[in-house]
Amino acid sequence: MNDDIRNIVLGVVAAGIGAALGWLARTYLWRRKLRRKQVFFGLPGHSECLLVVNREAGGDAVQRYDVFALLELAALIKDCGAHAQIVQHDTARQGFGERTEFCVGGPAANRRMAAHLHSLLPGVVINTDAEPGPDRGAFQIGSERYRLEPGAAEYVLLARLTAGQESRPVFLFCGQRAITSQAASRYLARHHEKLARKHGGSFCLLLKVVNSQAYGPDVVELVADVTRAAMEPVPAARTSHRAKD
């Protein structure tokens, strides 16, 4: 074998080794990223989770913006290699922590959401009065009140909550209008890596959907991390507008 042939063979071998090492490195990084995602969502491969939704008023159908939210979440679940079961809010009669749960909708239409707020976020008071008024749909979190401005400024709570270190998380998408659920689920899909690094465990964020009349669910602002205030029980005098479970 002359020098030219030997150099060609060595070059081919070196290129093959480099390609194999690159593939191994990419595979390792992809698997590490997937594991972190699975841990954050509590969705190891082939696990089961719940998607809890409310019924549209007067029937068994799901509100269309809630369907869009479910599609956003379904993509995340599929990426983790898990499986989802969709259940109606009034048929999900079980505890939490055994399976990851994604609960979508406000407490007025979603009994499961009302129960979670009562048990896990006692510092959140939501006005569920049916009569029109300036405070209809308003959020009261600590000393701050966030009023609904339909089509202009609409608020939604995005929360990841756990009952213990070994329990699976519950994700809440609780908004003043249905479109905010889709906005919050899209925000979670886009920012889950950042949220996992910053918060790790339980958190509750208040988001604002800006000018949904023009931009739909795409323009979302983070208003505040309200975890501490949302988890502190409110005085009895301020519970008159709390959604009952």
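A brief structural summary. (Residues numbered from 1 in each chain as written. Predicted model: local features only at pLDDT ≥ 70, side-chain atom pairs only at ≥ 80, totals over all residues. Heavy atoms only, no water.)

The space that makes up the largest pocket amounts to roughly 680 Å³. As for the largest pocket, its lining consists of 30 residues, of which Ala 108, Gly 175, Gln 176, Arg 177 and Ala 178 are closest to the centre. Those elements that provide at least two residues to the lining of the largest pocket are α2 (64-79), α4 (178-198) and α5 (212-215). Ranked by the residues each element gives to the lining of the largest pocket, the list is headed by α4, at three residues. In terms of residue class, the lining of the largest pocket is made up of 11 nonpolar, 13 polar and six charged. Within this model, the second largest pocket holds a volume of roughly 220 Å³. Elements with a contribution of two residues or more to the lining of the second largest pocket: α1 (3-41) and α4. Among the elements that take part in the lining of the second largest pocket, α1 stands out by supplying six residues, more than any other. The residue inventory of the lining of the second largest pocket, partitioned by class, reads three nonpolar, one polar and six charged. (1 Å grid on protein atoms, 1.4 Å probe; cavity = no way out; pocket = protein on both sides within 12 Å on 5 of 7 lines; lining within 4 Å. Points joined across faces, edges and corners; volume = space filled by probe spheres on them. Helix = DSSP H or I, 4+ residues; strand = E, 2+ residues; numbered from the N terminus. Nonpolar A, V, L, I, M, F, W, Y, C, P; charged D, E, K, R; others polar.)

This part is about the sheet that holds strand β9 (residues 203-210). An order of β2-β1-β3-β8-β7-β9-β10 is seen for the seven strands of this open sheet, with the pairing classed as mixed. Across the chains shown, the open sheet's two edge strands, defined by having one partner strand only, are β2 (83-88) and β10 (220-225). Strand-to-strand twist in this sheet, taken as the mean axis angle between neighbours without regard to direction, amounts to 20°. Two strands pair when backbone bridges link them, and strand β7 (residues 153-161) and strand β8 (residues 170-175) are joined in this way by six bridges, in the antiparallel orientation. Within the sheet, the bridge partner assigned to Arg 160 lies in β8 and is Phe 171. (Pairing = 2+ DSSP bridges. Axes fitted to C-alpha atoms, helices over the stretch in contact; angles between N-to-C directions.)

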